[in-house]
Amino acid sequence: MKKILFLFLSLCCIQAFAAKPKNQYVKISTSKGEVIIKLYNETPLHRDNFLKLAKNGTYNGTLFHRVIKAFMIQGGDPDSKNAKPDSLLGNGDLGYTIPSEFRDSLFHKKGVLAAAREGDDVNPLKASSSCQFYIVQGKIWTDSTLNAVETKRMKFKIPEWQRQVYKTIGGTPHLDRNYTVYGEVVKGLEMVDAIAEELTDKNNRPKNDIKMTVSVLTKREAKKLEKELAKNAVKQNT
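An unreviewed UniProt entry lists the protein under the name Peptidyl-prolyl cis-trans isomerase, with Pedobacter planticolens given as the organism. The heading Sequence similarities (unreviewed entry) in the UniProt record of the protein holds the text "Belongs to the cyclophilin-type PPIase family." In its Catalytic activity (unreviewed entry) section, the UniProt record describing the protein reads: "[protein]-peptidylproline (omega=180) = [protein]-peptidylproline (omega=0)".

Okay, structure coming up:
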């Protein structure tokens, strides 16, 4: 009986150790701090593409080249590596696009990761850039301002539960269902706020270059992070 119990406990330990994290995570490090981003499983094409580029070093040395306070910080342009001061950035790409992956449950709350893209006039299917992305800073909204943006810029009503998020956490609702959201900051949101405070030129490029390094968390690191996030969630709800 003792041997059976020992074997059962051993198998449980092995299974627990071998269990995979629920999501995959990337870290973006800059001189203004770092963020850890959870990539959504609901958008597998964008998730896998970002992981590929993070692993092969495509993003390392690129800039956050477009920064607009109370809106978003944009980066990932391969042409931004070693770019000359005051040069216009934002047209670089890797020669392919990613089909849009709109999900009604994924919206532009503060801290989400989303894909940049060409405009509707040349990109009616709203396909995403192969590499350029942005992280939302956004702003806090009220019922009246949300009503106004629904009327003027959106073709649908914002669900009530999302309205509550926009009124408390903030975001950029007029981008919903126009740009694919595929991840969110789970740690280090202060970096986004710090970059958003940077002085910019006429092209919204920070006057002081903000380079990034992007890496993928290992399974061990991801499991540890998920335990930490779960504990924090319990504390917030008690």
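Student: In this structure, what is going on with helix α3 (residues 143–153)? I would like to understand it.
Tutor: An α-helix turns once every 3.6 residues. As a result, residues three or four positions apart point the same way. Residues Leu146, Val149 and Glu150 constitute the buried set of α3. With its buried residues spanning 105 degrees around the axis, α3 presents them on a single face. Residues of α3 that are exposed and point over 90 degrees away from its buried face: Ser144, Thr151 and Lys152. Contacts from the buried residues of α3 go to α4 (160–168).

Student: Can you walk me through unusual backbone geometry in this structure?
Tutor: The general pattern is negative phi for most residues beyond glycine and trans for most peptide bonds. Here Asn82, not a glycine, exhibits a phi torsion of approximately 60 degrees, which is positive. Among the structural elements, Asn82 can be located in the loop between β4 (72–75) and β5 (97–98). On the basis of relative accessibility, which here comes to 71%, the residue Asn82 falls in the exposed class. Unusually for a residue other than glycine, Lys126 sits at a positive phi of about 60 degrees. Inspection of the secondary structure puts Lys126 in the loop between β6 (112–115) and β7 (128–129). On the basis of relative accessible area, Lys126 is assigned to the buried category, the value being 17%.

Student: What is the right way to read the UniProt feature "domain: PPIase cyclophilin-type" (unreviewed entry) in the protein from this model?
Tutor: What UniProt calls "domain: PPIase cyclophilin-type" (unreviewed entry) maps, in this numbering, to residues 33–217. A distance of 17 Å separates the end C-alpha atoms of residues 33–217, which is 21% helix and 21% strand.

Conventions adopted
Residues numbered from 1 in each chain as written. Predicted model: local features only at pLDDT ≥ 70, side-chain atom pairs only at ≥ 80, totals over all residues. Heavy atoms only, no water. UniProt positions renumbered as here; feature names shortened; annotations may be inferred. Buried < 20%, exposed > 50% of the residue type's maximum accessible area, 1.4 Å probe, protein only. Helix = DSSP H or I, 4+ residues; strand = E, 2+ residues; numbered from the N terminus. Arc of directions from axis to C-beta. Contact = heavy atoms within 4.5 Å.

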